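# Architecture at a glance
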Amino acid sequence: MSLVGPSGSGKSSLLRAIIGLQKTLSGSVETGCAKADIGILFQDDALLPWRTARENVALGLGFHGMERARALDEAEAWLARLGLSGLSDRYPGRLSGGQRKRVALAQVLALKPKLLLMDEPFASLDAIVRARISQELVELVERERISVLHVTHDLEEAITLSDTVHLLSQGPRARITQHYPVPIPRPRELVRARMHPAFAPLLERLWRDLSREVAHNPRAEAA
């Protein structure tokens, strides 16, 4: 599921409220799982520069009580699954942006979350690396059956990654104004998803509704 909306629509605030970093003004947040079962992938990775890639991935496992040797083995296995075999002893400063993002992804997925929150995690990557990592993520969450709540300003990304897209209104009291089921079957190849007959009409509808929302709120900027 993806959330899109004008700037200032509070998309990131919603993620912070879900994981308890921000209090809600009213109402409650129900996820159906414990906070320990929620993983989050921010736009900026949280890798410790003085730890190797393997040690960074193992860190969360250790916090969850896993014995160090086993945690390092698990971390090595996850790095291999994300195409980082041979790089596990490198420090973040010696990794490319795409490699660091894969390490951050391994760090989150190693904890086997039931719900994964993503706050535009691939926005800083170039188009090719972004496409590759997005495809890897889709395959992993489909295989592991992980629910995902994704915040993005990219309408095409919202459609290709999600089963449902939600449009938020402008302002601190933002609300969901529209729901858009994505009728593109899974398993999903993201490049081919853009060629699906339903893709262009849905993109046009999203853009039209978002533009209308911005027009009603002149201070808002398009997502």
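A few points on the structure. Fair warning: this is a prediction, and the values are worked out from it, not measured in the lab.

Definitions and cut-offs
Residues numbered from 1 in each chain as written. Predicted model: local features only at pLDDT ≥ 70, side-chain atom pairs only at ≥ 80, totals over all residues. Heavy atoms only, no water. Helix = DSSP H or I, 4+ residues; strand = E, 2+ residues; numbered from the N terminus. Rg over C-alpha atoms; globule rule 2.2 N^0.38 Å. Buried < 20%, exposed > 50% of the residue type's maximum accessible area, 1.4 Å probe, protein only. Contact = heavy atoms within 4.5 Å. Areas by Shrake-Rupley, 256 points an atom, 1.4 Å probe, with all protein chains shown as cover. Lys, Arg positive; Asp, Glu negative; His and termini not counted. Charge placed at Lys NZ, Arg CZ, Asp CG, Glu CD. 1 Å grid on protein atoms, 1.4 Å probe; cavity = no way out; pocket = protein on both sides within 12 Å on 5 of 7 lines; lining within 4 Å. Points joined across faces, edges and corners; volume = space filled by probe spheres on them. Nonpolar A, V, L, I, M, F, W, Y, C, P; charged D, E, K, R; others polar. Core = buried A, V, L, I, M, F, W, Y, C linked by side-chain atoms within 4.5 Å. Pairing = 2+ DSSP bridges. Axes fitted to C-alpha atoms, helices over the stretch in contact; angles between N-to-C directions. Expected span 1.5 Å × (residues − 1). Arc of directions from axis to C-beta. Polar contact = N/O pair within 3.5 Å; in protein donor to acceptor, adjacent residues only side chain to side chain.

### A look at the overall build of the chain
Across its full length, the chain carries eight helices and six strands. Its C-alpha radius of gyration of 18 Å places the chain within 12% of the 17 Å reference for a compact globule of 223 residues. Taken along the three principal axes of its C-alpha coordinates, the chain extends 55 × 40 × 30 Å. Buried positions account for 44% of the 223 residues belonging to the chain. When contacts within the chain are restricted to residue pairs at least 6 apart in sequence, those whose partners lie at least 24 apart make up 69%. Carbon and sulfur atoms provide 52% of the accessible area of the chain, an area that totals close to 12000 Å². Here the chain contributes 30 positive and 26 negative side-chain charges, whose respective centroids are spaced 3 Å apart.

### Topic: the layout of surface pockets
Computed from the structure, the second largest pocket encloses a volume of approximately 600 Å³. If you trace the second largest pocket, you find 23 residues lining it, with Ile38, Gly39, Ile40, Val108 and Leu111 closest to the centre. Elements represented by at least two residues in the lining of the second largest pocket include exactly β2 (38–41), α2 (53–63) and α4 (97–109). A per-element tally of the lining of the second largest pocket places β2 first, with four residues. Each residue belonging to the lining of the second largest pocket can be placed in one class, and the counts come to 15 nonpolar, four polar and four charged.

### Quick look at α2
Ala53, Arg54, Asn56, Val57, Ala58, Gly60 and Leu61 are the residues of α2 that are buried. Just past α2, the residue Gly65 takes up positive phi, approximately 95°.

### Let's talk about the nonpolar core
When a protein is soluble and globular, its nonpolar side chains tend to lie buried together. Ranked by internal contacts, the top residues of the largest apolar core, which has 33 residues, are Val103 and Leu116. Only α2, α3 (68–81), α4, β3 (115–119) and α5 (127–144) provide two or more residues apiece to this core. Here the element with the most residues in this core is α4; it accounts for six residues. Within the second largest apolar cluster, 14 residues are counted, among which are Leu155, Val182, Ile184 and Leu206.

### As for the pairing of strand β5 (residues 164–168)
The element β5 is largely enclosed, with a buried count of four among its five residues. As defined by bridge partners, strand β1 (residues 2–4) adjoins β5 across three bridges and the pair is classed as parallel. Opposite Leu3, over in β5, you have His166 as the bridge partner. Pairing between β5 and strand β6 (residues 176–181): five bridges, direction antiparallel. In the strand pairing of β6, Val165 is matched with Tyr180.

### What about the sheet that holds β6?
Strand order in the open sheet formed by six strands is β2-β3-β4-β1-β5-β6, and the pairing between neighbours is mixed. The open sheet has two edge strands, β2 and β6, and neither has a second partner. Each neighbouring strand pair of the sheet contributes to a mean axis angle of 20°, computed without reference to strand direction. Where β3 meets strand β4 (residues 147–151), five bridges bridge the pair, whose relative direction is parallel. What sits directly across from Met118, in β4, is His150. α4 rests against β2 and β3 of the sheet, and its axis sits at about 170° to β2.

### Quick word on unusual backbone geometry
Between Arg186 and Pro187 the backbone carries a cis peptide bond, its omega angle lying at 0°. Position of Pro187 relative to the elements: it lies in the loop between β6 and α7 (190–193). Backbone geometry places Lys112, a non-glycine residue, at a positive phi of 55°. Looking at the secondary structure, you find Lys112 in the loop between α4 and β3. Positive phi is not limited to glycine here, since Arg145 has a value of about 55°. Residue classification places Arg145 among the exposed residues on the basis of a relative accessible area of 74%.

### Brief notes about α3
For α3, which comprises 14 residues, the first-to-last C-alpha distance of 20 Å matches the rise-based estimate of 20 Å (1.5 Å per residue) to within 8%. Taken residue by residue, α3 has Ala71, Leu72, Ala75, Trp78 and Leu79 as its buried positions. One side of α3 carries all its buried residues, which in axial view fall inside an arc of 125°. In α3, the exposed residues that point more than 90 degrees away from the buried face are Arg70 and Asp73. By the N-cap criterion, in which a side-chain oxygen at the helix start approaches the backbone nitrogen of a residue two or three places on, α3 is capped by Glu67, the distance to Ala69 being 3.2 Å. Looking one or two residues beyond α3, the residue adopting positive phi is Gly83, at roughly 75°.

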